[in-house]
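Now for the letters of each chain:
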Amino acid sequence: MALRNPLNQLSKRASPSSISKFTSTPTLSSRLRNGDQLRTLATVAPPVTQDSTGSKGPTAIVFMNMGGPSTTAEVGSFLSNLFADADLIPLGRFQSYLGPLIAKRRTPKIEKQYAEIGGGSPIRKWSEYQSAEMCKLLDKMSPETAPHKPYVAFRYANPLTEEMYNKLLADGFGNGKGGRAIAFTQYPQYSCSTTGSSLNELWKWRQRLEGKQTTGAIEWSVIDRWPVHPGLTEALARNIEDQLATYPEERRKDVVLLFSAHSLPMSVVNRGDPYPSEVAATVYAVMQRLNFSQPYRLVWQSQVGPQPWLGAQTSDTVTAYIEKGQKDLILIPVAFTSDHIETLFELDNEVIGESGHKDTIKRAESLNGNPIFIQALADIAKSHMDSGLIIEAEKADRKKVNPSLHPGVWSAESRRCRVVIVTTSHHGQQGEMHEVLAELRIWHSCGADADDVDSAGLTKSTILGIVYLASSDDGTRTG
Ligand SMILES: C=CC1=C(C)c2cc3[nH]c(cc4nc(cc5[nH]c(cc1n2)c(C)c5CCC(=O)O)C(CCC(=O)O)=C4C)c(C)c3C=C
Ligand SMILES: [Fe+2]
């Protein structure tokens, strides 16, 4: 988000009384120097063997998400990490100065919100549960890649990507021993500001912790979006049907469904970020599954600051419906896989709680521990592994630039191969790799203006690293 006066703008939601002392948290490296903490991170596990029985396991599956503060004490560091992220909130060359300042001003207000939803975000609890349950299913569904080992990497809260990566290494992956890991985004719909940012962070830590490894580094592959997976739409549809069933039969067909997703700044939308269309694709797939039984709208929530954001706003839409006399409404969180402050505080406490119609305005449950959803996660991971995508080769010129400072391009899969690219803007040197990439279907780019993107969808920028994941069925190499 390009903020002209970001400090003022972003602090608009904070009341003056909410400005209090910012408690800084220890840096990650200092936390990781702490022997006790490090010991608790590393579970005892056999080294990665890729053994002679033909087992390709173990397989690490890393759930990537933004995370949330598990306790109110973590709100300061969560916001500080969030406002330091130029992929989410670009503050230009003043990022390292403005980011902490905005975070500090915002912390007391957001702490209160987390206190109101039980003292913290449940994202960690649900992510650990979902990933562990998914791995249990995968052990049965895919014994040849078992055991499947769950990991969580959050962008702004513990366990951060660095912590997760060190845990992987301590558990016997990489460090000369090889082994396979799948980075599995937990944002169903792709945005540069969410999944793109997590992938850039993962790449950064891979380079820092394994960059010098010539052989036996972790082999990564990426699941970067799954907006219309039938298991996702089925789980969402059933949660809607559960709520619909609570209305008297004669009113049921007129209940309006309001699919609510976290909004995006228009500056991000206007550079072609795929998130709005992928969210819409999810909504359409759910409505198809429901046979379009209800009137519906896609609305957007959680705008921060006065810059233009994608609308219509969820709260405005609810108000407008109430004014028109339409009070039977179901809000459906559609872009996040568990409860969080935006569902528990913003939708439940603010939008519904303050509507004056708590009995008729309802919210579909979040996916949380939903077994249909967890089966869907296992199905997505299984078909990813079945596609035979393996890391085939890696080429990079990473010396000159730091990918974490720049938006990246992460493509989705084409029919025969999958490619992951990291780029950075305006450092020249794209040349021959660009040609290779042009043969592939690149879906999308980050951080570029429309005219900075060529016909292959690739930004005219330096390719920092490229990981070819060639299909093993016909042995095609793409690099
Ligand atoms: C798909 C989901 C999300 C998108 C897209 C997204 C974009 C986005 N967010 C901000 C700014 C903030 N987001 C904050 C919290 C927050 N954001 C999401 C999800 C998406 N954000 C969630 C689930 C949460 C809450 C996590 C939890 O604690 O449970 C916050 C912090 C809270 C606050 O201060 O209001 C900010 C700030 C931007 C600028 C952005 C797009 C560029
Ligand atoms: Fe957000």
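One can find the structure itself at the top, above this paragraph.
Criteria and thresholds
Residues numbered from 1 in each chain as written. Chains lettered and ligands numbered in written order. Predicted model: local features only at pLDDT ≥ 70, side-chain atom pairs only at ≥ 80, totals over all residues. Heavy atoms only, no water. Helix = DSSP H or I, 4+ residues; strand = E, 2+ residues; numbered from the N terminus. Buried < 20%, exposed > 50% of the residue type's maximum accessible area, 1.4 Å probe, protein only. Contact = heavy atoms within 4.5 Å. Areas by Shrake-Rupley, 256 points an atom, 1.4 Å probe, with all protein chains shown as cover. Near = heavy atom within 4 Å. Polar contact = N/O pair within 3.5 Å; in protein donor to acceptor, adjacent residues only side chain to side chain. Pairing = 2+ DSSP bridges. Axes fitted to C-alpha atoms, helices over the stretch in contact; angles between N-to-C directions. Salt bridge = Lys/Arg side-chain N within 4 Å of Asp/Glu carboxyl O.

Participant: Teacher, can you tell me more about the overall build of the chain here?
Facilitator: Within the chain, the secondary structure is distributed over 16 helices and 12 strands. Every one of the 479 residues in the chain was classed for burial, and the buried ones make up 58%. Long-range pairs, those at least 24 residues apart, make up 80% of the contacts in the chain with a sequence separation of at least 6. As displayed, the chain has an accessible area near 20,400 Å², and 52% of this comes from carbon and sulfur atoms.

Participant: Is there a simple way to think about the site of ligand 1 in this case?
Facilitator: By nearness alone, 30 residues border ligand 1, and R106, Y114, S121, H340 and E342 come closest of all. Separating an oxygen atom of ligand 1 from a side-chain N or O atom of R106 is a distance of 2.5 Å. Within the backbone of I341, a nitrogen or oxygen atom sits 3.2 Å from an oxygen atom of ligand 1. When the free accessible area of ligand 1 is taken as 800 Å², the share hidden by the protein chains comes to 99%. Looking at the shell around ligand 1, the elements that each hand over two or more residues are helix 4 (75–83), helix 5 (95–116), helix 8 (192–210) and helix 14 (341–352).

Participant: What am I meant to see in the sheet that holds strand 3 (residues 180–185) here?
Facilitator: Remark on secondary structure: sheet strands pair via backbone hydrogen bonds, oriented parallel or antiparallel. The 4 strands are arranged 2-1-3-4 in an open sheet whose pairing can be described as parallel. Only two strands of the sheet have a single partner each, and these edge strands are strand 2 (148–154) and strand 4 (219–223). Neighbour-to-neighbour, the strand axes of the sheet open up by a mean angle of 25°, direction not taken into account. In this structure, strand 1 (residues 59–65) lies alongside strand 2, joined through 7 bridges in parallel fashion. Across the sheet, residue M64 finds its bridge partner in strand 2, namely A153. Across the sheet, helix 8 touches strand 1, strand 3 and strand 4, and the angle it forms with strand 1 is around 130°. Sitting on the sheet, helix 15 (residues 371–386) is in contact with strand 1, strand 2, strand 3 and strand 4, with an inclination near 135° to strand 3.

Participant: Is there a simple way to think about the environment of A280 in this case?
Facilitator: Here A280 lies in helix 12 (residues 275–289). The class of A280 is partly exposed, set by a relative accessible area of 33%. For the pair A280 and N200, spaced 80 residues apart in sequence, the C-alpha to C-alpha distance is 25 Å.

Participant: Help me understand the pattern of salt bridges, please; the structure alone is not making it clear to me.
Facilitator: Once their charged atoms are close, side chains differing in charge can pair, the charge on each being opposite to the other. In the structure shown here, the tally under the stated rule is 16 salt bridges. We note a salt bridge from D224 to R225, for which the minimum N-O separation is 3.3 Å. For the pair D224 and R225, one class covers both residues: buried. With its nearest N and O atoms 2.7 Å apart, the salt bridge here joins R225 to E278. Taken together, the residues R225 in the loop between strand 4 and helix 9 (230–244) and E278 in helix 12 connect sequence positions 53 residues apart. The two residues R225 and E278 agree in class, both being buried.

Participant: Would you mind going over helix 7 (residues 161–170) with me for this structure?
Facilitator: An α-helical turn contains 3.6 residues, so any two residues separated by three or four positions project in the same direction. Buried residues dominate helix 7, accounting for 8 of its 10 residues. Just downstream of helix 7, G172 is the residue with a positive phi angle, here 105°.

Take it as geometry only, folks, not as evidence of what the structure does.
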